[in-house]
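Examination of the molecular architecture
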Amino acid sequence: MTPPPAKRRPTIDDVAAAAGVSRGTVSRVLNGGHWVSPDSLASVNAAIKKTGYRVNPHARSLATSRANSVAFLLTEAHERLFEDPNFAVLMRGASKALSAHDISLVLIMAGNEDEQRRATEFITAGHVDGVLLVSSHSSRRGLISEIIAAGVPAIACGVPLGFEKKMGYVAADDYDGAGEMVRYLAGLGRTRIATIAGPEDTSGGIRRYDAYVDELGDAFDASLVARGDYSRASGALAMTELLQRNPDLDAVFAANDVMAAGAIDVLLAQGRRVPEDVAVGGFDDAPIATMTTPAITTMHQPFERISEEMVRLLLRVIDGERPAAIVLPTDLVVRASA
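Now for a description of the structure that goes with this document. All values reported here derive from a predicted model rather than from experimental measurement. (Residues numbered from 1 in each chain as written. Predicted model: local features only at pLDDT ≥ 70, side-chain atom pairs only at ≥ 80, totals over all residues. Heavy atoms only, no water.)

1. Thoughts on the overall build of the protein
Across its full length, the protein holds 13 helices and twelve strands. Each principal axis of the C-alpha distribution contributes one length, and for the protein these read about 80 × 45 × 40 Å. Counting all 338 residues of the protein, 50% fall into the buried class. Sequence-distant contacts, at least 24 apart, represent 70% of the contacts inside the protein between residues at least 6 apart. (Helix = DSSP H or I, 4+ residues; strand = E, 2+ residues; numbered from the N terminus. Buried < 20%, exposed > 50% of the residue type's maximum accessible area, 1.4 Å probe, protein only. Contact = heavy atoms within 4.5 Å.)

2. Things to note about the packing of helix H7 (residues 113–127) against helix H8 (residues 141–149)
The angle between the axes and the distance between the axes are what describe a pair of packed helices. Running from amino to carboxyl end, H7 crosses H8 at an angle of 10 degrees, the nearest separation of the two axes being 10 Å. By the angle class used here, H7 and H8 are roughly parallel. Facing H7, whose interface residues are Gln116, Thr120, Ile123 and Thr124, H8 presents Leu143, Glu146 and Ile147. Of the residues in the contact of H7 with H8, the class split is three nonpolar, three polar and one charged. (Axes fitted to C-alpha atoms, helices over the stretch in contact; angles between N-to-C directions. Parallel < 35°, antiparallel > 145°, perpendicular 65-115°, else oblique. Nonpolar A, V, L, I, M, F, W, Y, C, P; charged D, E, K, R; others polar.)

3. A look at the sheet that holds strand E8 (residues 251–254)
The strand order across the open sheet built from four strands is E7-E6-E8-E9, with neighbouring strands paired in parallel fashion. The open sheet terminates on both sides in strands that have one partner only, identified here as strand E7 (225–227) and strand E9 (279–281). Taken over all neighbouring pairs, the strand axes of this sheet differ in orientation by 20 degrees on average, direction set aside. Pairing between strand E6 (residues 193–197) and E8: four bridges, direction parallel. (Pairing = 2+ DSSP bridges.)

So this is what it looks like as structure tokens:
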């Protein structure tokens, strides 16, 4: 039996004929609707629906010299993607914002040297139109330098240390937010406030620690400082170290909620009541902040807005505008841990 002939895929010419306009008008509608009258725009859109025309992404990318995709570049180890829910929130928000422009989001992991090399080759080969750089460590300077040198549009989440004048970014106000948390803990009458600081090669780790030091002033005690890598295990290890050095501490500010959760694990395991004996404050307002017992008092970062603003700024850079920077405020969220 002879199979029926395959149904011919509708073309731009079919849309033009159905709409009663030129092929060029249809092309302009498909590429953003510039210089098209409202009547023609309505006719073309109706014809697209009637004919069932679908854009060929490969053909469009060849015609426009664009890949119609953006990289979500995460410079962290793979396990961090699954442990830290903030990355998923940012990725979901960026994907949603890009979908409104019919642009795909491509996840690229670059947590080690081999991954960074492959990421650089992929990005600079023109497979994406731009980069959303997430969790930018200053130790990844080579990767960032190559992206900038290649002229690839990029926007960072957080301040890209060493590249503040060359790459746009969207960041929460880490310094003011951390300062507010330390003031809040002090306002509860706590006098031995420790901190579990973040990595020293990230803007958040630096700025939140600086605010802690400045807020305490003359009361600052270096023995009340321990550092983590934003993971729950590192928060637990840091809390253990702090208790060994300073069993009289009565509060701890962790630089993110995941480390705060690790700190609470240790405090409860050692018989300390939270917040009666030790008040715990975090940063981010990540989903884990409501999953611990007690729930974590924290500083809210507007992650959904951060991802939306990152996409907005990136699309402007792709269109030829200069990179811009935005710093968004944080808000104190009081829960049971402090």
